[in-house]
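# Architecture and fold: a report
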Amino acid sequence: MQLTISILDGEGRVKATATGENSVALVYREAYAEGDQITMTSSEPGHVAAQLEDSMAETYGYLDGVFRLVVPFGEKKISYSPKSFTGDVHLLRARAATAAEVASRRNLALNVLDSHDNSALFPHAWANVETRGESVFAARNAIDGCYANHSHGAWPFQSWGINRNPEALLHLDFGRPVKLDELVITIRADFPHDNWWHQCTVELSDGSRFTLSLEKTPQRQSFRISPKTVTWLELKNLLKDETDPSPFPALTQLEAWGTEEN
């Protein structure tokens, strides 16, 4: 697998690029400018491990196409650590995943690099509503691996917020068939500011649906399911506690545990 990482300006002109066979590293010796984009491509679809911002953890994903991340500035930046995307030296690297990594059981929902601009590095999350369109309430926050949930707002308390919409749903696209056997939900628990969902529905790409009963707790809530081969799931029919005066339930993390389909 040949991998390429590039930095493009807002007009799509290449500012820096590096290519390697099965692994690649790019050292970019400039401060990012507004409009800059980080891209990653491979010679074929496949599993990669990438760290495209050196203050963030390496992420494991399935790359199929041109991954694109617009470097966040301003309001878009506050859902990331203040250290992220700063300075004038940046190390970006990626590698083909090992056979053991591909075969392992893991959280198939985790992608610290996900964003609205992503259409190629899976998993990818999107939602039909995000509170006021603010980055701290975007769907990507629910799969970024950050579990701080006793407050809300700027990093590390970013979450998926539903803008009080009872029809809110979150869609998680795996980009290829995977076999799920467990879901784990961490609700935002900034009580008493927050409400909470006591029930939700999970719909899978194979047509199956099931209901989860949740508790008012800051802890991870785990639900084992019979293994199912799917390409996506949706979290919907989110029922908040009607006896709680707060109108603000939110999701801190969604985990989807399992393995590759084959």
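Structural data are supplied above this passage.
Residues numbered from 1 in each chain as written. Predicted model: local features only at pLDDT ≥ 70, side-chain atom pairs only at ≥ 80, totals over all residues. Heavy atoms only, no water.

Scanning the entire structure with this criterion turns up four aromatic pairs. Look at Tyr80 and Phe85: their rings are 5.5 Å apart centre to centre, the planes differ by 90 degrees, and that puts the pair in the edge-to-face class. Three or more aromatic residues joined by ring pairs form one cluster here, namely Tyr28, Tyr32, Tyr80 and Phe85. (Phe/Tyr/Trp six-rings, centres within 6.5 Å; stacked < 30°, edge-to-face > 60°.)

Another aspect to go through is unusual backbone geometry. Most peptide bonds adopt trans geometry, and most residues besides glycine take a negative phi value. Backbone torsion omega between Trp155 and Pro156 reads 10 degrees, so that peptide bond is classified as cis. Counting through the fold element by element, Pro156 comes out in the loop between β11 (124-127) and β12 (160-161). Of note, the bond from Phe191 into Pro192 is cis; its omega dihedral lies within 30 degrees of zero at 5 degrees. Assignment of secondary structure puts Pro192 in the loop between β13 (170-187) and β14 (197-204). Although it is not a glycine, Asn22 adopts a positive phi angle of roughly 70 degrees. You can see Asn22 is positioned in the loop between β2 (14-21) and β3 (23-28). The class for Asn22 is partly exposed, based on a relative accessible area of 38%. Look at Asn237: it is not a glycine, yet its phi comes out positive at around 50 degrees. As for its position among the elements, Asn237 is in strand β16 (residues 221-240). (Helix = DSSP H or I, 4+ residues; strand = E, 2+ residues; numbered from the N terminus. Buried < 20%, exposed > 50% of the residue type's maximum accessible area, 1.4 Å probe, protein only.)

A cluster of nonpolar side chains, contributed by Val27, Val89 and Leu91, occupies part of the molecular surface with about 220 Å² of accessible area. Its location among the elements puts Val89 in the loop between β7 (67-70) and β8 (90-96). (Patch = residues over 30% accessible without salt bridge, like charges linked within 9 Å, V, L, I, M, F, W, Y side chains within 5 Å. Areas by Shrake-Rupley, 256 points an atom, 1.4 Å probe, with all protein chains shown as cover. Salt bridge = Lys/Arg side-chain N within 4 Å of Asp/Glu carboxyl O.)

Strand order in the open sheet formed by four strands is β2-β1-β4-β7, and the pairing between neighbours is antiparallel. The open sheet has two free edges, formed respectively by β2 and β7, since each of these has just one partner strand. Ignoring strand direction, the axes of neighbouring strands in this sheet form an average angle of 10 degrees. Where strand β4 (residues 37-42) meets β7, four bridges bridge the pair, whose relative direction is antiparallel. (Pairing = 2+ DSSP bridges. Axes fitted to C-alpha atoms, helices over the stretch in contact; angles between N-to-C directions.)

With that settled, the discussion passes to the pattern of salt bridges. Applying the stated criterion across every chain, the model contains 18 salt bridges. The residue Arg132 makes a salt bridge to Glu134 at a minimum N-O spacing of 2.6 Å. A relative accessible area of 58% means that Arg132 is categorised as exposed. With a relative accessible area of 24%, Glu134 lands in the partly exposed category. A salt bridge links Glu203 to Lys236, with the shortest nitrogen-to-oxygen separation between them at 2.8 Å. Separated by 33 residues along the polypeptide, Glu203 in strand β14 and Lys236 in strand β16 bring together distant segments of the chain. Each of Glu58, Arg93, Arg95 and Glu101 takes part in a single network of salt bridges with overlapping partners.

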